[in-house]
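Next come the chains, spelled out residue by residue.
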Amino acid sequence: MRNLLVHPASKEKDLGLPLPESPHACSVCLPTWSSVIGYEEGRDKVMRRLRAGYPRFFRNPILDRLTVQAEKELGSASEEVFLFPTKTGAQRAQRWIERHGKIAARSSAFDGLQAVIVSKQASELAREYQRLTGELVSSRMAEDHLNGALLTGTKRHLLQRRLATIYGAEQTHVSVFGSGMSAVTAVMRSLPGVARGLKTLQLEFPYVDSLKVQERLGNGVVFLNETEGESFDEALRRIRQGEFAAVFTEVPSNPLLRCPDLPRVSEACREGGTPLIVDDSAVGPSNVNVLPLADVVTGSLTKWLSGSGDVMGGVVVVRSDSEFAGELSAAIRQESETAAPMYVGDTQVMLSNLKGYPARMEQPNATALGLVEMMAEHPAVAKVWHPSITHRERYSAVMAAKGGFGPLFSFVLKAPKKTAKFFDALKVSKGPSFGTPFTLASPYVMLAHYRELDWAEGCGISRYLIRVSCGHEPLESLEKVFKQALQLA
């Protein structure tokens, strides 16, 4: 197997390579600017070479084989089949597709799994639903199913216990899910204010689908792009008045690594009786401790907690002394069991991957600090975003006792139109996601917001922004390859 720490997937010949080289990889090599555009536009010369992809956006080849079997059994030539792990998940998807597409769909059992069958014209809606909710049959579950060796049981309590220790929480208030987005979706569905028809509030520019879940699966969202000045003061006033079903934010945000003034937000939420939902995926719970200020913490286990890039998962932690603890914990736990449970095979891998956390975060944290310092001073770089220089005081207020500023940073060049040349020349692995043991770079906005680039730029997020997830390579070697690529900028 290729050692991506030594031999990164960075060249045209690496297009489509799973990152890591595993049948269950959660990323894929998109080594050039043109390959990113080709991927976003679905060009055949790119798509036919993909052997993996981020699971919510790209159907794993193993799951694809199982889906083909389901289509032969349940569908017709004019229909597509989408597999779900539970009956609850499939039935919800069916109702959502029918409501939004104004077109009939149906659900059916499929050999221990569940299927939603839709016409070709409704297939995009079905894909959108699974992308937003993250309610998927995992590649390991599909593999075991194809091999006639589907595992039973959950081992959920073992993972909950380990995560409770990491978060400093009570195990009964920890729930695990099959993906990070299914964790966020479960929280949305569990909010009493959503049931009453209230909108949610999003503070700071978030990960793309965290905002879209509130738009498409909730009652709409009020979005405050930057938590500064009079607009922020007005948002706090509205929170105190109890106007929102919940307040969502990320600490720090992705990709700009910014932070709201979380103590002020938390105080306003408590005054207004409004749940505060904080996602810590960008740096992980070893680096920030937001639970004392939040009612609920969500996180993607796929990223830093797993640290291997070969298994999906999500976590929700409810603060035990939150006024919403009883109601929310029970509802979220129900969601984890009936809508998006983590497959036991994935749970076993996640438990194994968690070994060494949080100590293994120290080197990527330190490497990012070094690279950020070098990039911030480089004459070709216009701006760098990292918690050490972006809202440092706000971030420090929630930094964990033994935490750091995290291994993730973003930047833009002074000559934006040279970004493609820089990216193509950069000798690190390139693809979506973050949190892998090897450094991973991506033109984040091109991948996350390709069909809404003008909107993203209106929010201050350049289409030429590059996001970097630092791995375990020596700082000196990474400085060298970044400096070499910057010569073209």
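The paragraphs below set out a description of the structure included in this document.

About the thresholds
Residues numbered from 1 in each chain as written. Predicted model: local features only at pLDDT ≥ 70, side-chain atom pairs only at ≥ 80, totals over all residues. Heavy atoms only, no water. Helix = DSSP H or I, 4+ residues; strand = E, 2+ residues; numbered from the N terminus. Rg over C-alpha atoms; globule rule 2.2 N^0.38 Å. Buried < 20%, exposed > 50% of the residue type's maximum accessible area, 1.4 Å probe, protein only. Contact = heavy atoms within 4.5 Å. Areas by Shrake-Rupley, 256 points an atom, 1.4 Å probe, with all protein chains shown as cover. Phe/Tyr/Trp six-rings, centres within 6.5 Å; stacked < 30°, edge-to-face > 60°. Lys NZ or Arg CZ within 6 Å of the ring centre and 35° of its normal. Core = buried A, V, L, I, M, F, W, Y, C linked by side-chain atoms within 4.5 Å. Axes fitted to C-alpha atoms, helices over the stretch in contact; angles between N-to-C directions. Left-handed = near helix turned anticlockwise from the far one by under 90°. Nonpolar A, V, L, I, M, F, W, Y, C, P; charged D, E, K, R; others polar. 1 Å grid on protein atoms, 1.4 Å probe; cavity = no way out; pocket = protein on both sides within 12 Å on 5 of 7 lines; lining within 4 Å. Points joined across faces, edges and corners; volume = space filled by probe spheres on them. Salt bridge = Lys/Arg side-chain N within 4 Å of Asp/Glu carboxyl O. Pairing = 2+ DSSP bridges.

Some thoughts on the overall build of the protein
Secondary structure summary: the protein contains 21 helices and 17 strands in total. For the protein, the C-alpha radius of gyration of 21 Å lies close to 23 Å, the compact-globule estimate for 489 residues. Each of the three principal axes of the protein carries a C-alpha extent, and together these read 60 × 55 × 40 Å. Going through the 489 residues of the protein one by one, you find that 61% of them count as buried. For the protein, long-range pairs separated by at least 24 residues make up 72% of all intrachain contacts whose partners lie at least 6 apart in sequence. Carbon and sulfur atoms form 49% of the exposed surface of the protein, whose accessible area is close to 18,800 Å².

Here's the deal with the packing of aromatic side chains
Per the stated rule, a full pass over the model turns up 14 aromatic pairs. Taking the centre distance of 6.3 Å and the plane angle of 50° together, the rings of Y54 and F57 count as tilted. Residue class for Y54 comes out buried when judged on its relative accessible area of 11%. Using a relative accessible area of 40% as the deciding quantity, one classes F57 as partly exposed. Among the aromatic residues, those joined into a ring-pair cluster are F409, F411, F422 and F482. The aromatic ring of F434 is capped on one face by K303, whose charged end is 5.3 Å from the ring centroid. The ring of F423 is capped by K430, whose NZ or CZ atom sits 5.0 Å from the centre of that ring.

Description of the nonpolar core
Residues M375, F409, F411 and F482 are the most contacted members of the largest nonpolar core, which totals 76 residues. Ignoring sequence-local partners within four residues, the contact set of F411 consists of M375, V381, K383, V384, W385, F422, Y464, L465, I466, V468 and F482. In this structure, L159, A164, F244 and F434 belong to the second largest nonpolar core, which totals 50 residues.

Looking at the packing of helix α8 (residues 180-190) against helix α10 (residues 208-217)
Packing of α8 against α10 brings their axes to within 10 Å, and their N-to-C directions diverge by 35°. The chirality of how α8 crosses α10 is right-handed. Listed contacts from α10 to M181, T185 and M188 of α8 are D209, S210, V213, Q214 and L217. Of the residues contributing to the contact of α8 with α10, the split by class is four nonpolar, three polar and one charged.

What to know about empty space enclosed by the protein
Summed over all chains, the structure comprises one cavity of 30 Å³ or more. Its boundaries defined by the atoms lining it, the largest cavity holds a volume of some 90 Å³. As for the largest cavity, its lining consists of V184, Q202, P206, S210, Q214, F248, T249, E250, I277, D279 and T298. Of all elements in the fold, only α10, β9 (247-250) and β10 (276-279) reach the threshold of two or more residues within the lining of the largest cavity. Sorting elements by how many residues they give to the lining of the largest cavity places β9 first, with three residues.

Regarding the pattern of salt bridges
Under the definition given, this model contains 31 salt bridges. Here R49 makes a salt bridge to E12, at a shortest N to O gap of 3.2 Å. Within this pair, whereas R49 is found in the loop between α2 (44-47) and α3 (61-74), its partner E12 is found in the segment before β1 (18-19), the two being separated by 37 residues in sequence. Residue E12 is classed as partly exposed on the basis of its relative accessible area of 40%. A cluster of three or more residues bridged by salt bridges with shared partners is formed by R92, E135, R189 and E335.

Quick look at the sheet that holds strand β6 (residues 174-177)
Pairing in this open sheet of seven strands is mixed, and the strands run β6-β12-β11-β10-β9-β7-β8 from one edge to the other. Looking at strand neighbours, the two that pair on one side only are β6 and β8 (221-224), the edges of this open sheet. Strand-to-strand twist in this sheet, taken as the mean axis angle between neighbours without regard to direction, amounts to 20°. Judged from the three bridges that link them, β10 and strand β11 (residues 296-300) form a sheet pairing that is parallel. Each residue of the ladder has a partner; that of I277, found in β11, is V296. In the packing of helix α14 (residues 325-338) onto the sheet, contacts are made with β6, β11 and β12 (314-318), and the angle to β6 comes to roughly 25°.

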